[in-house]
Amino acid sequence: MSFSTQAARPKSFVKVDGTRFAKDNKPYYIIGANYWQAMNLGMENGNRSRVLKDLETLKENGFNCLRIMAASEGPLGEPYRMYPALMNAPGEYDENVFQGLDWFLDQLKNYDMTAIMTLSNFWHWSGGFAQYVHWVDDSRPIPYPETNGDAFDAYSARIYTDSSIKDTCQKYYLNHVKTVINRKNSVNGIVYKNDTTILAWELANEPQAAYVQNAHEVVFHWFDETAKFIKSLDENHLVTTGTEGKHGKDWFITMHKSDYIDFTSAHVWVENWGYYKSNDPSPENYQRAANFMLGFLQDTSDWSINILKKPILLGEFGMARDGWTEISKYDPKAPVTNRNKYFTEIANKILELEKKNASTGLMFWAFAGVARPDDEKPSWVGDPPHEVPGWYSVYDSDIETLRIFLDHSKQINNEEE
């Protein structure tokens, strides 16, 4: 089946309608995937044929939205990062990478898909906040979490907590935001801020809470100032945060209460947060993870809908392949018994919330498509460069996993009909 020729192109921008989304005057529910590697794959010397195969697979399985990076920071040579970077120094762009993003956005139109554009990253695998901090203060190297533990979080958070550098960091970052929003697509001539393919601007991937004096006030100021700046440039698109929600209700509200934030963001990571062990086959291990996830989805939905009166999107979730067989959990051939059960429970919970106008959809982490961990490097699977390839990747061969989303798409769309 080919969707890449005469498919319908998006006609209008996605808007907020109460606590859900609407597009072309109809409810718009997100069945989404993280495809963070899009702009690098979309480069002329990237892997465009792979992208088209991946988009075909996603479209066939009901997907309508992808969350992608619209930022990466150099310089070349730093560890654990995606290369080549979009921006190698403040204001200095690699036009080939930008054209990769142009091309990818143009392809999405052919599949009637939208994109959430992530404008920076708290974590280091794309450069992100830590690189902005280092550009302003290079007195010591970036304390990468692989070797420095918790020191990285405080270092990266200096982008909004360190009064000696934060204004300059913000200037560099907002200049990037402005550059992206005002970018004229080299393929189709559409300025990004006028492109209906873009669903929303996301401030960053997983900005974290801070632990400084007046922390809530300091962090709110950054979220509010940044979102206001985006809205001053672009009245067409929605704005969200990219946060996880793991810091509890008070931080969730602080990060989302700005009038310039249109909808809230939640990510749930049971293994990373200590609620699941992928090498443990016991029912108790799985149930502990599922119970936490269900409570987390309900709590974040309640905070968003009942307190903030804003729509909520589950922007990330994932689970490793079964790690208790003779096959490594990083091997694409390893079973996905628990993953499929877990993804089904998430889809069912999101459907329950969608029926109450208490969720706008879900996006799994992350799609590897036809790529495999043992491909020539960089393989651009679903796992960023700092992680073991194959940890959370979903492949085109994971037919039963993808069918969960196709079924979800049919359920929610039938509900609306």
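Residues numbered from 1 in each chain as written. Predicted model: local features only at pLDDT ≥ 70, side-chain atom pairs only at ≥ 80, totals over all residues. Heavy atoms only, no water.

Looking at an unreviewed UniProt entry, the protein chain carries the name mannan endo-1,4-beta-mannosidase, with the source organism given as Gigaspora margarita. Annotation of the protein chain in UniProt includes, under Sequence similarities (unreviewed entry), the sentence "Belongs to the glycosyl hydrolase 5 (cellulase A) family." Heading Catalytic activity (unreviewed entry) of the UniProt record for the protein chain holds this comment: "Random hydrolysis of (1->4)-beta-D-mannosidic linkages in mannans, galactomannans and glucomannans." (UniProt positions renumbered as here; feature names shortened; annotations may be inferred.)

**Student:** Explain the nonpolar core here, please?
**Tutor:** For soluble globular proteins, nonpolar side chains are generally found buried alongside one another. Leu66, Ile68, Phe104, Met117 and Val268 are the most contacted members of the largest nonpolar core, which totals 116 residues. No other element matches helix α10 (residues 283-308), which puts 10 residues into this core. Those residues in contact with Ile68, other than ones at most four positions away along the chain, are Tyr35, Trp36, Ala38, Leu101, Phe104, Leu105, Ala115, Ile116, Met117 and Thr118. Grouped together as the second largest cluster of nonpolar side chains are 12 residues, Cys65, Ile116, Leu238 and Leu313 included. (Core = buried A, V, L, I, M, F, W, Y, C linked by side-chain atoms within 4.5 Å. Buried < 20%, exposed > 50% of the residue type's maximum accessible area, 1.4 Å probe, protein only. Helix = DSSP H or I, 4+ residues; strand = E, 2+ residues; numbered from the N terminus. Contact = heavy atoms within 4.5 Å.)

**Student:** Help me understand the pattern of salt bridges in this model?
**Tutor:** Once their charged atoms are close, side chains differing in charge can pair, the charge on each being opposite to the other. All told, the structure shown has 18 salt bridges when counted by the stated rule. The closest approach of N and O atoms between Lys246 and Glu244, which form a salt bridge, is 3.5 Å. Judged by relative accessible area, which is 3%, Glu244 ranks as buried. A salt bridge links Glu352 to Lys349, with the nearest nitrogen and oxygen atoms 3.1 Å apart. In this pair, Glu352 and Lys349 are both assigned in helix α11 (residues 337-355), 3 residues apart and thus about one turn of the helix distant. (Salt bridge = Lys/Arg side-chain N within 4 Å of Asp/Glu carboxyl O.)

**Student:** Before we go on, may I ask you to explain empty space enclosed by the protein in this structure?
**Tutor:** Sizing a probe to match a water molecule and rolling it over the atoms shows the empty space that remains. One pass over the structure, following the stated rule, counts 4 cavities of 30 Å³ or more. If you add up the space inside the largest cavity, you get close to 60 Å³. Surrounding the largest cavity, Ala266, Leu297, Thr300, Ser301, Ile312, Leu313, Leu314, Ile350, Leu353, Ala358 and Ser359 form its lining. Secondary structure elements with two or more residues in the lining of the largest cavity: α10, β12 (312-317) and α11. In the lining of the largest cavity, the residues fall into 8 nonpolar, 3 polar and no charged. The volume enclosed by the second largest cavity comes to roughly 50 Å³. In this structure, the second largest cavity is lined by Arg67, Ile116, Glu202, Thr240, Phe263, Thr264, Ser265, His267, Leu313 and Gly315. Those elements giving two or more residues to the lining of the second largest cavity turn out to be β11 (264-268) and β12. The leading source of residues in the lining of the second largest cavity is β11, at 3 residues. Among the residues forming the lining of the second largest cavity, the class breakdown is 3 nonpolar, 5 polar and 2 charged. (1 Å grid on protein atoms, 1.4 Å probe; cavity = no way out; pocket = protein on both sides within 12 Å on 5 of 7 lines; lining within 4 Å. Points joined across faces, edges and corners; volume = space filled by probe spheres on them. Nonpolar A, V, L, I, M, F, W, Y, C, P; charged D, E, K, R; others polar.)

**Student:** Could you clarify how one ought to interpret the environment of Met43 in this entry?
**Tutor:** Tracing the backbone shows Met43 in the loop between α1 (38-41) and α2 (48-60). On the basis of relative accessible area, Met43 is assigned to the buried category, the value being 6%. Beyond its immediate stretch of four places on either side in the chain, Met43 contacts Arg48, Pro84, Asn96, Val97 and Gly100.

**Student:** Is there a simple way to think about the packing of aromatic side chains in this case?
**Tutor:** We describe a pair of aromatic rings using the distance from one ring centre to the other and the angle between the two ring planes. Scanning the entire structure with this criterion turns up 35 aromatic pairs. An angle of 55 degrees between the planes, with centres 5.4 Å apart, marks the rings of Tyr160 and Trp222 as tilted. With Tyr160 in helix α6 (residues 151-161) and Trp222 in helix α8 (residues 215-233), this pair connects stretches of sequence that are 62 residues apart. Relative accessible area serves as the criterion here: at 2%, Tyr160 is assigned to the buried category. Trp222 gets classed as buried once you look at its relative accessible area, which sits at 2%. Considering the side-chain rings of Tyr173 and Trp222, the 5.7 Å spacing of their centres and the 25 degrees angle between planes classify their relative orientation as stacked. Taken together, the residues Tyr173 in helix α7 (residues 166-181) and Trp222 in helix α8 connect sequence positions 49 residues apart. The ring of Phe220 carries the charged tip of Lys257 above its face, separated from the ring centre by 4.9 Å. One residue, Lys341, lies across the ring of Tyr286, its end atom 4.6 Å from the ring centre. (Phe/Tyr/Trp six-rings, centres within 6.5 Å; stacked < 30°, edge-to-face > 60°. Lys NZ or Arg CZ within 6 Å of the ring centre and 35° of its normal.)

**Student:** What's the story with the sheet that holds strand β2 (residues 20-23) in this structure? I'm lost.
**Tutor:** Paired through backbone hydrogen bonds, the strands of a sheet run either parallel or antiparallel to each other. Read from one edge to the other, the open sheet built from 3 strands follows the order β1-β2-β3, with strand pairing classed as antiparallel. With partners counted over all chains shown, the strands left at the sheet margins are β1 (15-17) and β3 (26-27), one partner each. Across 2 bridges, the pairing between β2 and β3 is antiparallel. Following the sheet pairing, Lys23 is matched in β3 by Lys26. (Pairing = 2+ DSSP bridges.)

**Student:** Quick question: what am I supposed to make of the packing of α10 against α11 here?
**Tutor:** A pair of packed helices can be characterised by two numbers: the angle between their axes and the separation between those axes. Direction vectors running N to C along α10 and α11 enclose 25 degrees, while the axes themselves pass 11 Å from each other. For the element pair α10 / α11, the angle class is roughly parallel. Seen from above, α10 lies across α11 with right-handed handedness. Taken together, the residues of α11 that come into contact with α10 (itself represented by Tyr286, Ala289, Ala290, Met293, Leu294, Leu297, Gln298 and Ser301) are Asn338, Lys341, Tyr342, Glu345, Ile346, Lys349, Ile350, Glu352 and Leu353. Of the residues that constitute the contact of α10 with α11, the class distribution is 10 nonpolar, 3 polar and 4 charged. (Axes fitted to C-alpha atoms, helices over the stretch in contact; angles between N-to-C directions. Parallel < 35°, antiparallel > 145°, perpendicular 65-115°, else oblique. Left-handed = near helix turned anticlockwise from the far one by under 90°.)

**Student:** Please explain the pairing of strand β9 (residues 198-202) as it appears in this structure.
**Tutor:** When you tally the buried positions in β9, you get 5 out of 5 residues, the bulk of the element. Here 4 bridges tie strand β8 (residues 114-118) to β9, and the two strands are oriented parallel to one another. Pairing of Ala115 across the sheet is with Ile198, part of β9. Across 3 bridges, the pairing between β9 and strand β10 (residues 238-240) is parallel. From the neighbouring strand, Glu202 faces β10, where its bridge partner is Thr240.

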